[in-house]
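# Observations on the model geometry
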Amino acid sequence: MTVILNQSFTGISIGAVLLLIALGLTLTFGQMGVINMAHGEFIMAGAYTTYVLQKSISSAGVSLLVALPLAFLVAGAMGALLEWLLIRRLYTRPLDTLLVTWGVSLMLQQLARDLFGAPNVQTAAPDLLTGNISVAGITLANNRLFILGLALLCVLGLTLILRLTPLGRRIRAVVQNRDLAEVSGIATERVDRTTFFIGSGLAGVAGVALTLVGPIGPTMGTNYIVDAFLVVVVGGIAQLKGSVITAFALGVLQSVLEYSTTVSVAKVIVLVAIVAILQWRPQGLYTLRTRSLA
Amino acid sequence: MSGFSISRRGLLAGASALGASAALSACGAKTGSDTSSAGAKADTSGDTVKVGLLNSLSGTMAISEVTVHNALLLAVKEINAAGGVLGKKLKPISQDGASDWPTFAEKAQTLITDDKVVATFGCWTSASRKAVKPVFERNKSLLFYPVQYEGLEQSPYIFYIGATTNQQIIPALDYLKKQGLTKLYLVGSDYVFPRTANKEIRAYAKANGMEIVGEDYAPLGSTEFSTIVNKVKDAGADAVFNTLNGDSNVAFFKEYKSAGLTAKSLPVLSVSIAEEEVKSIGTQYLEGQLTAWNYYQTTPGAANEKFVKAYQAAYGKDKPTSDPMEAAYISVYLWKEMVEKAGSFDVAKVKAASDGIELDAPEGKVTVDGATQHVYKTARIGKVGSDGLITEVWNSGKPIKPDPYLKGYDWASGLS
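Residue numbers run consecutively from 1 along every chain, following the written order of its sequence. Working convention: letters from A go to chains and numbers from 1 go to ligands, in the order in which they are written. It should be noted that, the model being predicted, local features are given only for residues of pLDDT at least 70 and side-chain atom pairs only at 80 or more, the latter also being counted only at that level, while totals for whole chains, interfaces and linings use all residues.

The name given to chain B in an unreviewed UniProt entry is Urea ABC transporter substrate-binding protein, with the source organism recorded as Streptomyces coeruleorubidus.

What counts is decided by this rule: UniProt positions are given in the numbering used here, feature names are shortened, and annotations may be inferred rather than shown by experiment.
Chain A has the name Urea ABC transporter permease subunit UrtB in an unreviewed UniProt entry, where Streptomyces coeruleorubidus is given as its organism. The UniProt entry for chain A carries the following comment under Subcellular location (unreviewed entry): "Cell membrane".

Structure follows, in structure tokens:
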């Protein structure tokens, strides 16, 4: 029983990491339809922000808390710049976007290598986050709880923005029907840039969280980008709900399978399951019903 | 002199015009003239000879391999300051293997055919060594490999300066058995070294009344260890035998501590974590854990004091030295001794001269075993201290004869 509970928590914590890295993508890929291969490098930018901050702020706890908003701004600004420089010129050409952003991703990796050196670096975690708490025989690692909390907070924040604010209303309007939104007087270009800013900023926040579980390196983003796309594709693009459910489902599936088999076999089974799901629902688990003809 | 160098350039141009493959097949055609073909490729005509340094300067393995590269450069610098080898200065040519095995093979070929190096030093993971092995064998060029590995290999063109299994893993298992830690959980990266090492550990365990209660592999570079740590925790093991490589170790030990496991409750014996890795993983995650090597920064002796001092003077006084760094450092010196004994850079002559070459190394006395092209080394088990250094808790007393195919062990007869 404790095994099941322990593994469920592990799965949920893996899901939380998946959710955090995929959350930004639900906006830029899900809502806007931009295949941004450089999304992983925004994660990396967030992680390196933590690393740089920790050099000037000695307290690991304070630097982590400062890093969260700062990484959001740094990664968000990089995203907005990328959108303004390149992506907005390529909205009608998804394949070109893919190639261009992949190129950008390689350039950013090299930039990180030149700035911070090729070897991966580590940050110290605050003492509070290196321990664990035991509840009813199961061990909950504090850093995982923190990531879970952060992921849920981000989902909540994003939901509130999309549901309740004028900005959110405009974003939804543009997603549902770009032409109609534009003739209704919405500055779709500005909405695009803001959406991209938020989506990229969330990748930065994910980067901060990842420093708690692993090393920081120029290629760390590439480790996560595929998983992030999988979550969004399976969850159904254009739907936050789908990504949340998929992230946790994949996390639990992965950890349960990994416990009873091996890492590689678990990965294979998860990928096969994803292929099967996409055969059954090519549009993903959740789709947005709109009246647009497109 | 200038006329000579022009004609050499002409030769080079001709060779490159022919193309690398044509040059290779020409060498292959001259069977039996091992000496001349190797001489034709390695360029020893000038005042300097080039030596290749092949390490991952980027990617997941850079955490470890950059330090090996530094140690190699230090040895080359020292040898040059002392007059070089056979009166010629060494020019180090660095190539980045980028933690990617095909890249290693490609860069090895570049070093041999384009740079015409007299010898190459480097590689860390066995996967990279396996990738470059055919390249060095095809070109009849020498590689000095500085890292402990899984054994069961003996290429005529590789000198194995790190420990083979019977100089590291078997002494480590002996040590665990002596401590009464007989139920082991094996955790490793998913490639040739951990897989082979664990096969050997299983055979050892079966013959020695030890029990393997679990075995798990994570892809190289993997950072998700929560499930593996849960499995370790539930398996009822006495100790974990860790063959993870690179910075997967960072994620593994962070997770290990988060799960409430400590060196006291469930010790981990690692064979790929040395001083440099301790520092970058974080001492607080590793304190009290065990390692198996042939050298520690704290190993006593004048040769080691000199090495540590020289390394820290060159790269910073807070930089630790480690086993693979030391092996890399002495590999250049061992090669120098071989070349000087042979009186030639020629690969066949260097190989023939290798047997019995001795060196008062930082790790203690080492002797080259010409038959296996391995080195006699003393096994040492260490414990990570709060200062990030590793202190020895046990050693084998004398250098152990290398036995890459474990011929001296009955239980190993089924391995290949």
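What follows picks up the thread again.
### What about the overall build of chain B?
What counts is decided by this rule: Helix and strand labels come from DSSP, where a helix needs a run of H or I of at least four residues and a strand needs a run of E of at least two; each type is numbered from the N terminus. Each residue is classed by its C-beta neighbour count within 10 Å, where at least 20 other C-beta atoms makes it buried, 12 or fewer makes it exposed, and intermediate counts make it partly exposed; the C-beta atoms are placed from backbone geometry. For the purpose of contact definition, each residue receives a C-beta atom placed from its backbone, and two residues are in contact when these atoms lie within 7 Å.
Helix and strand counts for chain B come out as 15 helices and 15 strands. Per-residue burial for chain B yields a buried fraction of 54% across its 416 residues. Summarising the internal contacts of chain B: among those between residues at least 6 apart in sequence, 70% fall at separations of at least 24.

### So, the sheet that holds strand 7 (residues 211–218) of chain B
Residues and elements named next belong to chain B. This is how the line gets drawn: For two strands to pair, DSSP has to find at least two bridges joining them. In this analysis an axis means a line fitted to C-alpha atoms, helices contributing only their contacting stretch, and an angle means the value between N-to-C directions, from 0 to 180 degrees.
With respect to topology, 7 strands assemble into an open sheet ordered 7-6-8-9-10-14-15, the strand pairing being mixed. Looking at which strands have only one partner, the edges of the open sheet turn out to be strand 7 and strand 15 (390–395). Taking each pair of neighbouring strands and ignoring which way they run, the sheet shows an average axis angle of 25 degrees. Across 4 bridges, strand 10 (residues 290–293) lies against strand 14 (residues 380–384) in antiparallel orientation. Each residue of the ladder has a partner; that of W293, found in strand 14, is R380.

### Describing the environment of R129 of chain B
All names here are of chain B. Mapping R129 onto the fold places it in helix 6 (residues 126–139). Counting along the chain gives 22 residues from R129 to G151, while the straight-line C-alpha distance between them is 12 Å. Setting aside residues up to four positions removed in sequence, R129 forms contacts with C123, Y145 and Y149.

### With respect to helix 8 (residues 192–207) of chain B
Along an α-helix, a turn takes 3.6 residues, which lines up residues three or four apart on a common side. Residues and elements named next belong to chain B. Note the cut-off: What a helix is expected to span follows from its residue count: subtract one and scale by 1.5 Å.
If you check helix 8, its first and last C-alpha atoms are 23 Å apart, about what 16 residues at 1.5 Å a residue would give, namely 22 Å. Buried-residue contacts for helix 8 involve helix 6, helix 7 (165–178), strand 6 (183–189), strand 7 and strand 8 (239–243). Following helix 8 by one or two positions, G209 adopts a phi angle in the positive range, close to 70 degrees.

### Focus on the nonpolar core
Applied cut-off: A set of buried Ala, Val, Leu, Ile, Met, Phe, Trp, Tyr and Cys residues, joined through C-beta atoms within 7 Å, is what we mean by a nonpolar core. Annotation comment: domain bounds sourced from an automatic or database domain assignment.
Ranked by size, the top nonpolar core spans 190 residues in total, and within it L20, A22 and I43 of chain A carry the most contacts. Among the elements that make up this core, the one with the highest residue count is helix 1 (residues 2–31) of chain A (14 residues). Each of two domains, domain 2 (34–164 + 313–376) and domain 3 (165–299 + 379–414) of chain B, supplies a minimum of three residues to this core. Apart from the residues lying within four places of it in its own chain, the contact partners of L20 of chain A are I147, L150, A151, C154, V205, A206 and A209 of chain A.

### Overview of the packing of helix 6 (residues 142–164) of chain A against helix 7 (residues 166–176) of chain A
Residues and elements named next belong to chain A. Operational definition: Roughly parallel refers to an angle under 35 degrees, roughly antiparallel to one over 145, roughly perpendicular to one between 65 and 115, and oblique to any angle outside these ranges. Three residue categories are used. Nonpolar comprises Ala, Val, Leu, Ile, Met, Phe, Trp, Tyr, Cys and Pro, charged comprises Asp, Glu, Lys and Arg, and polar comprises the others, including Gly.
Where helix 6 contacts helix 7, the axes come no closer than 5 Å and their chain directions differ by 80 degrees. Relative to helix 7, helix 6 is oriented roughly perpendicular. Side by side, helix 6 and helix 7 meet where I161, L162, R163 and L164 of the first sit next to L167, G168, I171 and R172 of the second. A class-by-class count of the residues in the contact of helix 6 with helix 7 yields 5 nonpolar, 1 polar and 2 charged.

### Thoughts on the UniProt feature "transmembrane region" (unreviewed entry) in chain A
Residues and elements named next belong to chain A. Following the UniProt record, one finds the feature "transmembrane region" (unreviewed entry) at residues 12–37, 57–82, 145–162, 196–216, 228–253 and 265–282. Helix makes up 77% of residues 12–37 and strand makes up 0%, while its end C-alpha atoms are separated by 26 Å. Between the first and last C-alpha atoms of residues 196–216 the distance is 24 Å; the span itself is 71% helix and 0% strand.

### Observations concerning the packing of helix 1 of chain A against helix 6 of chain A
Residues and elements named next belong to chain A. Using the following cut-off: Handedness of a crossing follows from how the near helix is turned relative to the far one, being left-handed for an anticlockwise turn of less than a right angle and right-handed for a clockwise one.
Where helix 1 meets helix 6, the axes come as close as 9 Å, and the angle between the chain directions of the two elements is 40 degrees. With respect to helix 6, the axis of helix 1 lies oblique. In terms of crossing hand, the pair formed by helix 1 and helix 6 is left-handed. Contacts between helix 1 and helix 6 involve I12, S13, A16, V17, L19, L20 and L23 on the former and, on the latter, R144, I147, L148, L150, A151, C154, V155 and L158. Classifying every residue of the contact of helix 1 with helix 6 gives 13 nonpolar, 1 polar and 1 charged.

### Quick notes on the interface of chain B and chain A
Contact residues are listed per partner, giving 30 residues for chain B and 29 residues for chain A. Contributing elements (two or more residues each) for the side of chain B that touches chain A: helix 4 (62–81), strand 7, helix 9 (226–234) and helix 10 (248–258) of chain B. Considering only residue class, the side of chain B that touches chain A consists of 10 nonpolar, 12 polar and 8 charged.

### Remarks on the pairing of strand 15 of chain B
Residue and element names in this part refer to chain B. Relative to strand 15, strand 14 runs antiparallel, the two sharing 5 bridges. Its bridge partner being in strand 15, R380 is matched across the sheet by N395. Counting the residues in the hairpin turn of strand 14 and strand 15 gives 5 residues, including G388, whose phi is positive at 90 degrees.

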